[in-house]
Amino acid sequence: MSKKIIILNGSPRKNGNTSALVRAFREGAESSGHTVTEFFLDGMNIHGCKGCFGGGKDREHPCVQRDDMEKIYPAYKEADVVVLATPLYYWTISGQLKCAFDRLFAVAECDPNLHNPKKECALLMAAEGYDFEETVYWYERLEKHLGWKSAGKVLCGGVMALGDIEGRSELNDARELGKIL
């Protein structure tokens, strides 16, 4: 069955190692007939969550702020799968991804019980080092809290410079993850 997939790409580099994982994942997903929409967050105008609890009053525009999240909300609501893609920054996700993900709370505010829409999810990460434990901990807690189901994780350490990821097995892992959804 074909799925709708959105990728929230939190890398600041369109041609970086995280983006290479995204391209490989996308190739696999599209080859299996899935529809993929990628949001390159660093190129978007997205403001931080105000914590105002003012969202959810308008399903068309879940958040009171009007910025490029307006492009993400419709795709997010329709998506079957949400892919979080990010480099590892100080043992966690990038600020770009955190900012956008926090703003998705406005969609939960559309539900009287603040329930998030049920989704499958995946995590794609590239890093200079290999210490993914803090992010994996966060991702697994997030998945549990939201009631989502993880399709998998691809974590590629030891890739600092642009292109370091070329030839790495994790690219194939990302491609295969996209195929098996």
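Every residue gets a number counted from 1 within its own chain, in the order that chain's sequence is written. Side-chain atom pairs in this predicted model are given and counted only at pLDDT of 80 or more, local residue features only at pLDDT of at least 70, and totals for whole chains, interfaces and linings cover all residues. Here the side-chain values reflect all heavy atoms present in the structure, with hydrogen atoms and water set aside.

## Here we look at the layout of surface pockets
Here is step 1: Its boundaries defined by the atoms lining it, the largest pocket holds a volume of some 340 Å³.
Here is step 2: The way it works is a 1 Å grid over only the protein atoms, where trapped points that fit a 1.4 Å probe form a cavity and open points with protein on both sides within 12 Å along at least five of seven lines form a pocket, and then any residue with an atom within 4 Å of a point lines it. In terms of lining, the largest pocket is formed by 19 residues, of which the most central are Leu88, Tyr89, Ala126, Ala127 and Glu128.
Here is step 3: Broken down by class, the residue content of the lining of the largest pocket amounts to 11 nonpolar, five polar and three charged.
Here is step 4: Grid points are joined across faces, edges and corners, and a volume is the space filled by probe spheres set on the points. Within this model, the second largest pocket holds a volume of roughly 210 Å³.
Here is step 5: Considering the residues around the second largest pocket, the lining is formed by Tyr76, Lys98, Phe101, Asp102, Leu104, Phe105, Asn116, Trp138, Leu142, His145 and Leu146.
Here is step 6: Contributing elements (two or more residues each) for the lining of the second largest pocket: helix H3 (95–103) and helix H5 (133–146).
Here is step 7: Gly is placed with the polar residues, together with every amino acid not listed as nonpolar (Ala, Val, Leu, Ile, Met, Phe, Trp, Tyr, Cys and Pro) or charged (Asp, Glu, Lys and Arg). Taken together, the residues that form the lining of the second largest pocket break down as seven nonpolar, two polar and two charged. Secondary structure elements are taken from DSSP: a helix is a run of H or I of four residues or more, a strand is a run of E of two residues or more, and numbering for both begins at the N terminus.

## A closer look at unusual backbone geometry
For residues besides glycine, phi is generally negative; the peptide bonds are generally trans as well.
Here is step 1: One non-glycine residue, Trp91, lies in positive phi territory at about 70°.
Here is step 2: Among the structural elements, Trp91 can be located in the loop between strand S3 (81–87) and H3.
Here is step 3: Even without glycine at this site, Leu114 takes up a positive phi of about 60°.
Here is step 4: Locating Leu114 in the fold gives a position in the loop between helix H4 (105–108) and strand S4 (120–126).
Here is step 5: Taking relative accessible area as the criterion, Leu114 reaches 40% and is therefore assigned partly exposed. Three exposure classes are used, based on accessible area relative to the maximum for each residue type with a 1.4 Å probe and protein chains only: buried under 20%, partly exposed in between, and exposed over 50%.

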